[in-house]
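# Architecture at a glance
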Amino acid sequence: MIELRELCKRYGGRTAVDGLSFRVPPGRVTGFLGPNGAGKSTTMRMIVGLDRPTAGSATVCGKAYREFPAPLREVGTLLEPGAVQGGRTAFHHLLWLAYSNGIGERGVREALERVGLGDAGRRKVGGFSLGMTQRLGIAAALLGDPGVVLLDEPINGLDTEGIRWLRGLLRELAGEGRTVLLSSHVMSEMELVADHLIVIGKGRLVSDSPLREFIERYSRASTTLRSPDGERFCAVLRSRGAAVHETGNERYVVEGPDAVTVGSWAAEHGVTLYELTPRHASLEEIYTELTRDEGEYTAKGAA
Amino acid sequence: MNTFRHAVAAEWVKTRSLRSTVWTPLAIVPMVAGMALFVGVTESLQPDDTVLGGSLTGAVLAQFAAAVFGVLVVSGEYGSGMHRTTFTAMPRRSLVLAAKGLVVFTFTVLSAFVASCLGLWIGAWMLSGKGYSDGEPFPALFGVALCIALTALLGLAAGVLLRHSAGAITAVIGFLMLPGLFAPLFGDFQGWISGTSPQVVLQKMTQTSDVTAQNAGSLGAWPSLGLVAAYAVVLLGFAGVRLVRRDA
């Protein structure tokens, strides 16, 4: 469980995080989403005690992070992937981390195996690809078998295989009852892994809701259909208040009524349908719109 | 106490697993030994110099290496952003600084002591019977090693305060050299000013003829070493406070 209460961070005159409050409960993957500069990394740095809040508090399992004597056993953190020294081997990078929290060498080998770097342990980190560096960072986060996992932009630099692997890993961690929070500025990444979404813009909370609910709340439903009787059916749909656009090749996009309604109207009028597909706006579209002018949507999100 | 032991273990792994932080302190040995050999071969000593002073000519170079080592132990982390990883693993930053200090001090003091003994052995072997007085090797050899190790701590503090390799190295080397360079401009105060330089303290310890009460003050070698220890304590304390207070 991570809990933020009215968390604020000001740098000089600039407000990076502005009264942010939310909870991240265990047992699910929570996505932490916002455009670049929205305050995600600053928030994560405050959660792990790197930056001091100007006001408010962030706690993990009811405690301030700095109070943990062996924090890696409580919270696994992936910050920017560059936060390693290139001249050191992957094994030694994890070894110092392990020793700092009283974890032995075996834990290091297990963590390397778990992220698929078992053979690369003796290689220097400086020669790693971005994807391998990310895997090393994730290994570091898992080193102490923590109940809370915080990952800042973990998908950056991973290839398709890596993303699939990470998705499986996050599911597994949440399934084991751990708290998983991962940030990203790319909505499509979240669509694949998160159960719950916390969206921020300009340091303020825009939305805090389950992924499904988020989509349903913000997306305008539409239905695509293909029919040889298009002309006739369009007239019917328009007469009942739906907006219809023809996209060519006997295809139409209907906005307003859902797919079930459109289908039954077609049956009612003996219209032949070749295809009928319900369609939601993609998360990417919703998110872009939500954060384009964050101020306009703040009140809506908080309601 | 457990936490501190873990922090020391972690910092030692960090230090020994990077080429720069292994070879910089180890380079002290060939520096001192090489200079001892050079002085022995060329007999480039004043007639009133001691064998000890001649043999440890390289100690001044070793002091620079030690300062650089102290800086690198911390500035390397700031350069790569790894300090954030460090402080998430060990949120008690003052403990991290203490652990770094212990590792830096121990590594440097051992390396510098071995270097000084080796240098003296080479010097004694090459210069004995040539009319130079021996000097007092004990406890001066310990003093030399301590002075070099304390200088490494000054480097560590500079690294924490400036967070940048080149800046911190420049600052600490300036601190070592400038008092000695500019002191002659201050007339009667020359001894007071150059006497505060850690480099001059090292020269007092090695008993070279370059150092006189007139140009380096009348404070003896050991009280002067106490002064360097005081610098290290004050600077590290200040660095510790800054480290704890600022955002990482």
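Residues numbered from 1 in each chain as written. Chains lettered and ligands numbered in written order. Predicted model: local features only at pLDDT ≥ 70, side-chain atom pairs only at ≥ 80, totals over all residues. Heavy atoms only, no water.

Looking along the chain, the bond that leaves Phe138 of chain B and enters Pro139 of chain B is cis, with omega of 5 degrees. Here Pro139 of chain B lies in helix 8 (residues 137–162). Of note in the backbone geometry, Cys61 of chain A takes a positive phi value of approximately 50 degrees without being a glycine. If you trace the backbone, Cys61 of chain A turns up in the loop between strand 4 (55–60) and strand 5 (75–78). Backbone geometry places Lys202 of chain A, a non-glycine residue, at a positive phi of 50 degrees. Its place among the elements puts Lys202 of chain A in the loop between strand 8 (196–201) and strand 9 (204–210). (Helix = DSSP H or I, 4+ residues; strand = E, 2+ residues; numbered from the N terminus.)

On to a positive patch on the surface, then. Together, Arg52 of chain A together with Arg163, Arg242 and Arg245 of chain B give the surface a local cluster of positive charge. On the secondary structure map, Arg52 of chain A appears in the loop between helix 1 (40–47) and strand 4. Classification of Arg52 of chain A as partly exposed rests on a relative accessible area of 38%. (Patch = residues over 30% accessible without salt bridge, like charges linked within 9 Å, V, L, I, M, F, W, Y side chains within 5 Å. Areas by Shrake-Rupley, 256 points an atom, 1.4 Å probe, with all protein chains shown as cover. Salt bridge = Lys/Arg side-chain N within 4 Å of Asp/Glu carboxyl O. Lys, Arg positive; Asp, Glu negative; His and termini not counted. Charge placed at Lys NZ, Arg CZ, Asp CG, Glu CD. Buried < 20%, exposed > 50% of the residue type's maximum accessible area, 1.4 Å probe, protein only.)

This structure, assessed with the given rule, holds 19 salt bridges over all chains. In this structure, Arg106 of chain A and Glu110 of chain A form a salt bridge, with 3.3 Å as the shortest nitrogen-oxygen distance. A residue pair is termed a helical-turn pair when its members lie 3 or 4 positions apart in one helix, as Arg106 of chain A and Glu110 of chain A do in helix 3 (residues 105–114) at four residues. Judged by its relative accessible area of 46%, Glu110 of chain A falls in the partly exposed class. With a shortest N-O distance of 3.0 Å, Glu11 of chain B and Lys14 of chain B are connected by a salt bridge. Highlighted residues: Glu11 of chain B and Lys14 of chain B, both in helix 1 (residues 2–16), separated by three residues, approximately one helical turn. Across this residue pair, the class does not change: Glu11 of chain B and Lys14 of chain B are buried. One network of salt bridges, in which partners are shared, links Glu11, Lys14, Glu77 and Lys100 of chain B.

It is worth spelling out the sheet that holds strand 6 (residues 148–152) of chain A at this point. Residues and elements named next belong to chain A. Strand order in this open sheet of six strands is 5-6-7-3-8-9, and the pairing throughout is mixed. If you trace the sheet from one side to the other, it starts and ends with strand 5 and strand 9, each paired once. Strand-to-strand twist across the sheet, computed as the mean angle between neighbouring axes with direction ignored, equals 15 degrees. Relative to strand 7 (residues 179–184), strand 6 runs parallel, the two being bridged by five bridges. If you follow Asp152 over to strand 7, its bridge partner there is Ser183. The sheet contacts of helix 5 (residues 160–175) involve strand 3 (29–33), strand 6 and strand 7, and relative to strand 7 the element is tilted by about 145 degrees. (Pairing = 2+ DSSP bridges. Axes fitted to C-alpha atoms, helices over the stretch in contact; angles between N-to-C directions. Contact = heavy atoms within 4.5 Å.)

Inspection of the entire model under this criterion finds eight aromatic pairs over all chains. Ring geometry for Phe138 of chain B against Phe142 of chain B: centres 5.8 Å apart, planes inclined by 55 degrees, an arrangement best described as tilted. Of this pair, Phe138 of chain B and Phe142 of chain B both sit in helix 8, four residues apart, which is roughly one turn of that helix. A centroid spacing of 5.3 Å and a plane angle of 70 degrees characterise the contact between Phe175 of chain B and Tyr231 of chain B, whose relative ring orientation is edge-to-face. Pair noted here: Phe175 of chain B is in helix 9 (residues 165–182) and Tyr231 of chain B is in helix 13 (residues 221–245), with a separation of 56 residues, a long-range link. For Arg240 of chain A, the ring lying beneath its charged end belongs to Trp265 of chain A, and the centroid distance is 5.1 Å. Positioned above the aromatic ring of Phe87 of chain B is the side chain of Arg93 of chain B, whose terminal nitrogen or guanidinium carbon lies 4.9 Å from the ring centre. (Phe/Tyr/Trp six-rings, centres within 6.5 Å; stacked < 30°, edge-to-face > 60°. Lys NZ or Arg CZ within 6 Å of the ring centre and 35° of its normal.)

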